[in-house]
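# Structural overview
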Protein chains: 2
Amino acid sequence: MRRRTVTMSDVAREAGVSVMTVSNVLNDRSNVGADTRLHVLEVVDRLGYEINLTARRLRSGRTGTVGLIVPRFDLHYYGELAALISDALAADRMHLVVEQSGASRERELSALSLARLQQYDGVLLGAVGLDTADLDRIHPDLPIVLLGEQDVPDRYHRVQMRNAAGARLATEHLISCGASRIAALGGKLTAPRPEMATYRANGWAGALADAGLDPRPDLVIPLHDYSIAEARATITDVLAAGLKIDGIFAVTDEVAIGALAGLNDAGLRVPDDVQLVGFDNLDISQHLTPGLTTIDPDRPAMVAEALRLLRRQLADKNAAPEHIVSTVSLVTRGSTRNSPCSACTDE
Amino acid sequence: MRRRTVTMSDVAREAGVSVMTVSNVLNDRSNVGADTRLHVLEVVDRLGYEINLTARRLRSGRTGTVGLIVPRFDLHYYGELAALISDALAADRMHLVVEQSGASRERELSALSLARLQQYDGVLLGAVGLDTADLDRIHPDLPIVLLGEQDVPDRYHRVQMRNAAGARLATEHLISCGASRIAALGGKLTAPRPEMATYRANGWAGALADAGLDPRPDLVIPLHDYSIAEARATITDVLAAGLKIDGIFAVTDEVAIGALAGLNDAGLRVPDDVQLVGFDNLDISQHLTPGLTTIDPDRPAMVAEALRLLRRQLADKNAAPEHIVSTVSLVTRGSTRNSPCSACTDE
DNA sequence: GTTTCGTAGTTTATCGTTACACTTTCGAGC
DNA sequence: GCTCGAAAGTGTAACGATAAACTACGAAAC
């Protein structure tokens, strides 16, 4: 039971060849005769040998593994993103592992230590609250692609979303559907550093201003963790406090789901009393009642671009950084009014 | 720019001590003088040294990392589970990484190869479609805890859910609320190997039989991927085909969410026309309209038990396997009828 | 007949740590 | 004065693989 795990030299001894030949067989290198190869493979099988990836990594530097760092495991957005990336990487015979950077800054820095990240061939960094100085610490020689809305120096490869444009699209749609008192739930007008919530609030404010409406600060309702529960409770509170609205732009679909629940709690109907638009086009959003009108960030395209940037860096460490901005589109469903046929724009 | 990464011997040379002393400092071993320690730490900081975890792992065998293998990244259940585990592991100064075993058996075997798993100090194996033979291949000397409903030999440590009991609880509740034609959406009466869908279908059948109702096979509606979209489409189909029901036990909350959408599509009201119960108590379920009555598997307790089993194996490789069965409870909300006050049993 | 070359291997030197065994110094104990 | 033990540190050999350089040998080239 306590048997030591089988190593390559066990296989070599048993097969009567050198360790290097075993390595050559297992890595499909060309300098092995056909019968030797078969014999080695037979011995590998018989002894149940499995390669030690740690040793291979130490020597060769390659791991075949890409890391994806997300803020939290239980955010639906990242779950869907991870599934897409994982499938796409399988084509390159690479493997995805996901780590959580965590809520606290301390845990974030620990998850993002160079030490951890260097275990991967490349890293996809989901929107995390790092500043430029933090990023610089992990810069050395590691292919990184930033996914999301951080505002970082040009030397980083990254794929961004058209946050402001999407928010504007959402808000314009609400206006065109007849809403005029439109809240930005989860938005922030100012923040120490630009982030998702500020970009999207800016898009909201721009659309209102263009329509001759006043983006009043009391219509910007900040959130902390953007959870469904927080959004629901917050909507309940602001309604109880007397805020009058006929439209809500929620900065994420999760926030919109919370808003929907809060509106229901208050006896307000969607879209009759209050219209609602989200942002992210989560899989679940189309299955709510009513279906959630939302902004689709075209995640498949984002993933494709991100992996292209990663492969480029893998192939050439000094590849010039690219800055991709993915397009967004409006998906209208039942949570806003003028969708003559909800199937039209639905996928 | 092309600078080599700093190694321990760079630090040692710069600090004028041996490599071992640097190692001793960084691992908080006791045989280092206070001033030497400070000096080494200063040099580490100055050179920006970060330990190479790969080398440490190869030499010491320890990684400080636990792997969680889940069937898919975009299943909400596993997202929530992963977040809980990650938080709990932080207390042990360990780190969680999540891998997806994937849809296809081929990718499953690759993700679960001993080679991959041996990179972790321990592995939590979420419900995956492995049979006993597969499990045996990855047995050697690796702390593993199985999470979920696999039917595996006693020598594996595992934490199970009371699947049948939960399904029975759900179905009994539907019956007590006046439903009599109750479908088991996503259930399976038979399968090559017992799995979640069969256990839960058995609980459903048991409850019906005990109540003197016939668990007719046409009320068992199988699913393949248990996605929201599939459940919605399937419900639409069976209703169109003329199936008459006044209650649905959905084998997971995601399936229930799809069922809810399908019922809405068909113009059926929940709970007035059809009552609905799910299983898993996802975070989102309480925020649906109506709130979803469901079975709560007490994930925090499951996680605590799973980590206890893991720690036991970490401390003693030959720890006797334990087989924990976690308790389930009913959470009643608006999707079933007699919840006099939905807040009562809600969290 | 000698040189060249391609095929099929082997040998050796690491990759960056840590385990283990060893040395040195110094104060306490008798 | 001498032994003993603890404290503080050093040297060497792995951990298990791979890169790179090298060998042996038969066939083709000239």
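Scroll up to find the structure this text is about.
Here is a short report on the structure shown in this document. (Residues numbered from 1 in each chain as written. Chains lettered and ligands numbered in written order. Predicted model: local features only at pLDDT ≥ 70, side-chain atom pairs only at ≥ 80, totals over all residues. Heavy atoms only, no water.)

All names here are of chain A. It is the contact of helix 2 (residues 19–26) with helix 3 (residues 34–47), at a shortest axis distance of 10 Å, that shows an interaxial angle of 90 degrees. Taken together, helix 2 and helix 3 sit at an angle that is classed as roughly perpendicular. Residues T21, V22, N24, V25 and L26 of helix 2 touch helix 3, and the partners they reach there are T36, R37, V40, L41 and V44. Looking at the contact of helix 2 with helix 3, its residues break down into six nonpolar, three polar and one charged. (Axes fitted to C-alpha atoms, helices over the stretch in contact; angles between N-to-C directions. Helix = DSSP H or I, 4+ residues; strand = E, 2+ residues; numbered from the N terminus. Parallel < 35°, antiparallel > 145°, perpendicular 65-115°, else oblique. Contact = heavy atoms within 4.5 Å. Nonpolar A, V, L, I, M, F, W, Y, C, P; charged D, E, K, R; others polar.)

We now examine the interface of chain A and chain B. Tallying the contact residues gives 55 residues for chain A and 55 residues for chain B. Of the roughly 4900 Å² buried between chain A and chain B, counting both surfaces, carbon and sulfur atoms make up 53%. When residues of chain A are sorted by the area they lose upon contact with chain B, A:E50, A:F73 and A:H287 head the list and together hold 12% of the total. At the junction of chain A and chain B, the tally comes to zero salt bridges. Along the contact surface separating chain A from chain B lie 18 residue pairs in polar contact (both at pLDDT 80 or more). Those elements that place two or more of their residues in the side of chain A that touches chain B are helix 4 (53–60), helix 5 (76–90), strand 2 (95–100), helix 6 (105–111), helix 7 (114–117), helix 11 (228–240) and helix 12 (253–265) of chain A. Ranked by residue count, the leading element in the side of chain A that touches chain B is helix 5 of chain A, at eight residues. (Buried area = accessible area lost by both parts, 1.4 Å probe. Salt bridge = Lys/Arg side-chain N within 4 Å of Asp/Glu carboxyl O. Polar contact = N/O pair within 3.5 Å; in protein donor to acceptor, adjacent residues only side chain to side chain.)

By the criterion of burial, strand 2 of chain A is predominantly enclosed, with six of the six residues buried. The alternating pattern of strand 2 of chain A places A:H95, A:V97 and A:E99 on one face and A:L96, A:V98 and A:Q100 on the opposite face, and all of these are buried. For the handedness criterion, the β-α-β arrangement of strand 1 (residues 65–70) of chain A, helix 5 of chain A and strand 2 of chain A is classed as right-handed. Pairing between strand 2 of chain A and strand 2 (residues 95–100) of chain B: three bridges, direction antiparallel. Bridged to A:V98 within strand 2 of chain B is B:V98. (Buried < 20%, exposed > 50% of the residue type's maximum accessible area, 1.4 Å probe, protein only. Right-handed = clockwise from strand over helix to strand, strands pointing away. Pairing = 2+ DSSP bridges.)

The next thing to look at is helix 2 of chain A. Three or more residues of helix 2 of chain A are buried, namely A:T21, A:V22, A:S23, A:N24 and A:V25. Looking at the packing, one finds that the buried side of helix 2 of chain A touches helix 1 (8–15) and helix 3 of chain A.

Looking now at the protein's contact with DNA strand C. DNA strand C sits among 26 residues. The nearest are A:S18, A:T21, A:G33, B:S23 and B:Y49. The contact atoms of DNA strand C, taken as those within 4 Å of the protein, divide so that sugar and phosphate hold 61%. For DNA strand C, a phosphate oxygen lies 2.6 Å from a polar atom in the side chain of B:Y49. Secondary structure elements with two or more residues in the surface near DNA strand C: helix 2 and helix 4 of chain A together with helix 2 (19–26) and helix 4 (53–60) of chain B. For the surface near DNA strand C, the leading source of residues is helix 4 of chain B, giving four residues. The residue makeup of the surface near DNA strand C, split by class, is 10 nonpolar, 11 polar and five charged. (Near = heavy atom within 4 Å.)

Next up on the list: the pattern of salt bridges. Within the structure shown, the criterion is met by 36 salt bridges over all chains. Across the salt bridge formed by A:R216 and A:D218, the nearest N and O atoms sit 2.5 Å from each other. For A:R216, a relative accessible area of 26% gives the class partly exposed. For B:E99, the salt bridge goes to B:R116, with nearest N and O atoms at 3.5 Å. Taken as a pair, B:E99 in strand 2 and B:R116 in helix 7 (residues 114–117) lie far apart in primary sequence, 17 residues in all. A residue is classified by how much of its surface remains accessible, and B:E99, at 1% relative accessible area, is buried.

Let us now look at the packing of aromatic side chains. All names here are of chain A. As enumerated under the stated definition, the model contains two aromatic pairs over all chains in all. The interplanar angle of 90 degrees and the centroid separation of 5.0 Å between the aromatic rings of Y77 and Y78 together place this pair among those described as edge-to-face. Cation over ring: R200 sits above F279, and NZ or CZ is 3.6 Å from the ring centre. (Phe/Tyr/Trp six-rings, centres within 6.5 Å; stacked < 30°, edge-to-face > 60°. Lys NZ or Arg CZ within 6 Å of the ring centre and 35° of its normal.)

A word on the sheet that holds strand 7 (residues 220–221) of chain A. Residues and elements named next belong to chain A. What the four strands build is an open sheet, ordered 7-6-8-9; its pairing is parallel. Edge positions in the sheet fall to strand 7 and strand 9 (275–277), since each of these pairs with one other strand and no more. Where strand 6 (residues 182–185) meets strand 7, two bridges bridge the pair, whose relative direction is parallel. Each residue of the ladder has a partner; that of L185, found in strand 7, is I221. The strands touched by helix 10 (residues 196–210) within the sheet are strand 6, strand 7 and strand 8 (247–250), with strand 6 carrying the most contacts at an inclination of about 170 degrees.

Turning our attention to the nonpolar core. Nonpolar side chains in soluble globular proteins generally cluster together in the buried interior. With 146 residues, the main nonpolar core has A:I85, A:L124, B:I85 and B:L124 as its most contacted residues. Excluding anything up to four places from it in sequence, A:L124 contacts A:V66, A:G67, A:L68, A:I69, A:I85, A:V145, A:L147, A:A306, A:L307 and A:L310. Core analysis: the next-biggest nonpolar cluster, separate from the first, contains 27 residues, A:L125, B:L117, B:L125 and B:Y156 among them. (Core = buried A, V, L, I, M, F, W, Y, C linked by side-chain atoms within 4.5 Å.)

With respect to spatial proximity, 26 residues lie near DNA strand D, and among them A:M8, A:S23, A:Y49, B:T21 and B:G33 are the closest. Of all DNA strand D atoms lying within 4 Å of any protein atom, the proportion belonging to sugar or phosphate reaches 60%. The contact in question runs from a phosphate oxygen of DNA strand D to an N or O atom on the backbone of A:M8, over 2.4 Å. Within the contact set of DNA strand D, a phosphate oxygen lies 2.2 Å away from a backbone nitrogen or oxygen of B:G33. Sorting the residues of the surface near DNA strand D by element identifies helix 2 and helix 4 of chain A together with helix 2 and helix 4 of chain B as the ones contributing at least two each. Element by element, the count of residues in the surface near DNA strand D is highest for helix 4 of chain A, at four residues. Its residues assigned to classes, the surface near DNA strand D comprises 10 nonpolar, 12 polar and four charged.

We now examine the sheet that holds strand 11 (residues 323–326) of chain A. Ordered by their spatial adjacency, 12 strands build an open sheet running 11(A)-5(A)-4(A)-3(A)-1(A)-2(A)-2(B)-1(B)-3(B)-4(B)-5(B)-11(B), and the pairing between neighbours is mixed. At either end of the open sheet lies a strand with only one pairing partner, and these are strand 11 of chain A together with strand 11 (323–326) of chain B. Across the sheet, the mean angle separating the axes of adjacent strands is 20 degrees when strand polarity is ignored. With respect to the sheet, helix 5 (residues 76–90) of chain B is in contact with strand 2 of chain A together with strand 1 (65–70), strand 2, strand 3 (122–126), strand 4 (144–147) and strand 5 (157–161) of chain B, its orientation differing from that of strand 2 of chain B by roughly 160 degrees.

In the superposition of chain A on chain B (RMSD 0.1 Å, axial shift 0.1 Å), the rotation amounts to 180 degrees. Taken together, the rotation and translation describe the operation of a two-fold axis. Closest approach to the rotation axis among the C-alpha atoms of chain A is made by A:V98, whose C-alpha sits 2.6 Å away. The share of interface residues of chain A whose copies in chain B are also at the interface is 100%, consistent with both copies meeting through the same surface. (Least-squares fit on C-alpha atoms with pLDDT ≥ 70 in both.)

Another point: the environment of A:V128. With respect to the helices and strands, the residue A:V128 is situated in the loop between strand 3 (122–126) and helix 8 (132–137). It is 9.8 Å that separates the C-alpha atoms of A:V128 and A:R72, two residues lying 56 residues apart in sequence.

With that out of the way, let us pick up the side chain of A:T336. Residue and element names in this part refer to chain A. As for its placement among the helices and strands, T336 is situated in the loop between strand 12 (329–331) and helix 14 (342–345). A residue is classified by how much of its surface remains accessible, and T336, at 1% relative accessible area, is buried. A distance of 2.9 Å separates the side chain of T336 from the side chain of H173, its partner in a polar contact. Here T293 takes part through its side chain, which lies 2.7 Å from a polar atom of the side chain of T336.

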